[in-house]
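This is what each chain is made of:
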Amino acid sequence: AIGVTGAGQSIAVVDTGVDYTVSELGGGGFPNAKVIAGQDFGDDDADPMDCEGHGTSVAAVAAGPTGVAPDATIVALKIVKGTNCDEALDSDILAAVNWAVTNQAAYAISTINLSFGGAPTDGLSHGYCDDTYPDYVAAIDAANAAGIVFVASSGNDGLENAIAAPACISNAVSVGAVYPDSFVHVGWQDDSGGTQCSDSSVSPDTIVCFSNSASVLSLLAPGAFWLVVTKGGASEFFHGTSAAAPAASGAAALMHEAHPELTPSG
């Protein structure tokens, strides 16, 4: 709807932290007008400064000046340790989700975004994984009961029959990635610099080859070539289901602003 910008909504970014010093995300100290609250569960302190850049880019896609919900505010919930910014413990993720539920009213949190996930296993192919992750089921159910939409990335393993945990929880909104524009050919590298996969004759809404999918996937969102700020204020082309999820989270914030009477369906 015209004029719907995310005003009055907060998105809890459960990630590597957020660089709140960059001007696009408030600038200055913490908290500020954009990053209004947060916590560091990985290091057990009160400062959710980003240690890697991933969370800053996620926040920018969701609620930065060029993001989906530019007037939404951000709650930065860091789940990694400063010395190991690539991995998070389930206990810290769950603590962050529970913190968001407890503080929902104080900060008007309407969405939780988790662009982290564990690699799928063969036993989770094609189906939900609720029986495998009961703690996540309880946390996501509590979020939904508090009126918070829980959004999670499906993973970047290029699988057609499985999605990452906890995106595979039935009450999570799992998000895969599509292209927003047309391209003749796009190649994607893996973490070691080798070729992971490629796409040719790409048109808008073509599923990106790295995106995990399954019959239980909730939706698809733009996950390629978001030009957004990252840690330190530099701009980068951010991609992956990690980018698709916050696009969906921003859209959820817009929906909640336009229709506050709606609640997450369980």
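Residues numbered from 1 in each chain as written. Predicted model: local features only at pLDDT ≥ 70, side-chain atom pairs only at ≥ 80, totals over all residues. Heavy atoms only, no water.

As for the overall build of the protein
When helices and strands are counted, the protein shows five helices and eleven strands. Computed over its C-alpha atoms, the radius of gyration of the protein comes to 17 Å, within 12% of the 18 Å expected for a compact globule of 266 residues. By principal-axis analysis of the C-alpha atoms, the protein measures approximately 45 × 45 × 40 Å. Within the protein, the proportion of its 266 residues that are buried is 51%. A fraction of 74% describes how many contacts in the protein between residues 6 or more apart in sequence connect residues 24 or more apart. Accessible surface, the protein as shown: approximately 10900 Å² in total, 52% of it carbon and sulfur. Of the charged side chains in the protein, 4 are positive and 30 negative; the average position of the first set lies 12 Å away from that of the second. (Helix = DSSP H or I, 4+ residues; strand = E, 2+ residues; numbered from the N terminus. Rg over C-alpha atoms; globule rule 2.2 N^0.38 Å. Buried < 20%, exposed > 50% of the residue type's maximum accessible area, 1.4 Å probe, protein only. Contact = heavy atoms within 4.5 Å. Areas by Shrake-Rupley, 256 points an atom, 1.4 Å probe, with all protein chains shown as cover. Lys, Arg positive; Asp, Glu negative; His and termini not counted. Charge placed at Lys NZ, Arg CZ, Asp CG, Glu CD.)

Observations concerning the sheet that holds strand β5 (residues 149-153)
Taken in spatial order, the seven strands of this open sheet run β2-β3-β1-β4-β5-β6-β9, and their pairing is parallel. Among the strands making up the open sheet, the edge pair consists of β2 (35-40) and β9 (219-222). Taken over all neighbouring pairs, the strand axes of this sheet differ in orientation by 25° on average, direction set aside. Two strands pair when backbone bridges link them, and strand β1 (residues 10-15) and strand β4 (residues 109-114) are joined in this way by five bridges, in the parallel orientation. Bridge pairing links I11 to T111 in β4. Along the sheet, helix α1 (residues 54-63) contacts β1, β3 (73-78) and β4; its crossing angle with β1, the most-contacted strand, is approximately 155°. (Pairing = 2+ DSSP bridges. Axes fitted to C-alpha atoms, helices over the stretch in contact; angles between N-to-C directions.)

Concerning unusual backbone geometry
The amide bond that connects F30 to the next residue, P31, takes the cis arrangement and shows omega of -5°. Mapped onto the elements of the fold, P31 is located in the loop between β1 and β2. A cis geometry characterises the amide bond from A165 onward to P166, with omega recorded as 10°. Position of P166 relative to the elements: it lies in the loop between β5 and β6 (173-178). You will see that A108, though not glycine, has its phi angle at about 55°, which is positive. With relative accessibility at 31%, the residue A108 sits in the partly exposed group.

Points about the pattern of salt bridges
Scanning all chains against the criterion turns up two salt bridges. Residue K78 pairs with D40 through a salt bridge whose shortest N-O separation is 3.6 Å. Residue K78 is found in strand β3, and its partner D40 is found in strand β2; the two are separated by 38 residues along the sequence. Classification of K78 as buried rests on a relative accessible area of 5%. With a closest N to O distance of 3.5 Å, D43 and K78 form a salt bridge. Of the two residues, D43 sits in the loop between β2 and α1 while K78 sits in strand β3, which places them 35 residues apart along the sequence. Residue D43 is classed as partly exposed on the basis of its relative accessible area, which comes to 31%. When salt bridges that share partners are traced, they join D40, D43 and K78 into one network. (Salt bridge = Lys/Arg side-chain N within 4 Å of Asp/Glu carboxyl O.)

Digging into helix α5 (residues 241-258)
The end-to-end C-alpha distance of α5, which contains 18 residues, comes to 26 Å, matching closely the 26 Å that a straight helix rising 1.5 Å per residue would cover. Counting buried residues along α5, 13 of its 18 residues qualify, which places the element largely inside the surrounding structure. (Expected span 1.5 Å × (residues − 1).)

Observations concerning the packing of aromatic side chains
Under the definition given, this model contains eight aromatic pairs. Geometrically, the ring pair formed by Y133 and Y136 is edge-to-face, given 6.2 Å between the ring centres and 75° between the ring planes. Overall, Y133 belongs to the partly exposed group, its relative accessible area being 22%. Measuring from ring centre to ring centre gives 4.9 Å for W188 and F210, while their planes differ by 85°; the resulting arrangement is edge-to-face. (Phe/Tyr/Trp six-rings, centres within 6.5 Å; stacked < 30°, edge-to-face > 60°.)

Comments concerning the environment of A105
Within the secondary structure, A105 sits in helix α3 (residues 104-107). For A105, a relative accessible area of 68% translates into the label exposed. Along the primary structure A105 and G147 are separated by 42 residues, whereas in three dimensions their C-alpha atoms are 9.8 Å apart.

A look at the side chain of T16
Inspection of the secondary structure puts T16 in the loop between β1 and β2. Overall, the relative accessible area of 1% leaves T16 in the buried class. Of the polar contacts made by the side chain of T16, one reaches the side chain of D50; its length is 2.7 Å. For T16, the contacting residues outside a window of four places in its chain are M49, D50, C51, E52, G53, H54, G55, K78, V80, C85 and F116. (Polar contact = N/O pair within 3.5 Å; in protein donor to acceptor, adjacent residues only side chain to side chain.)

Worth remembering: the numbers are spatial, not functional.
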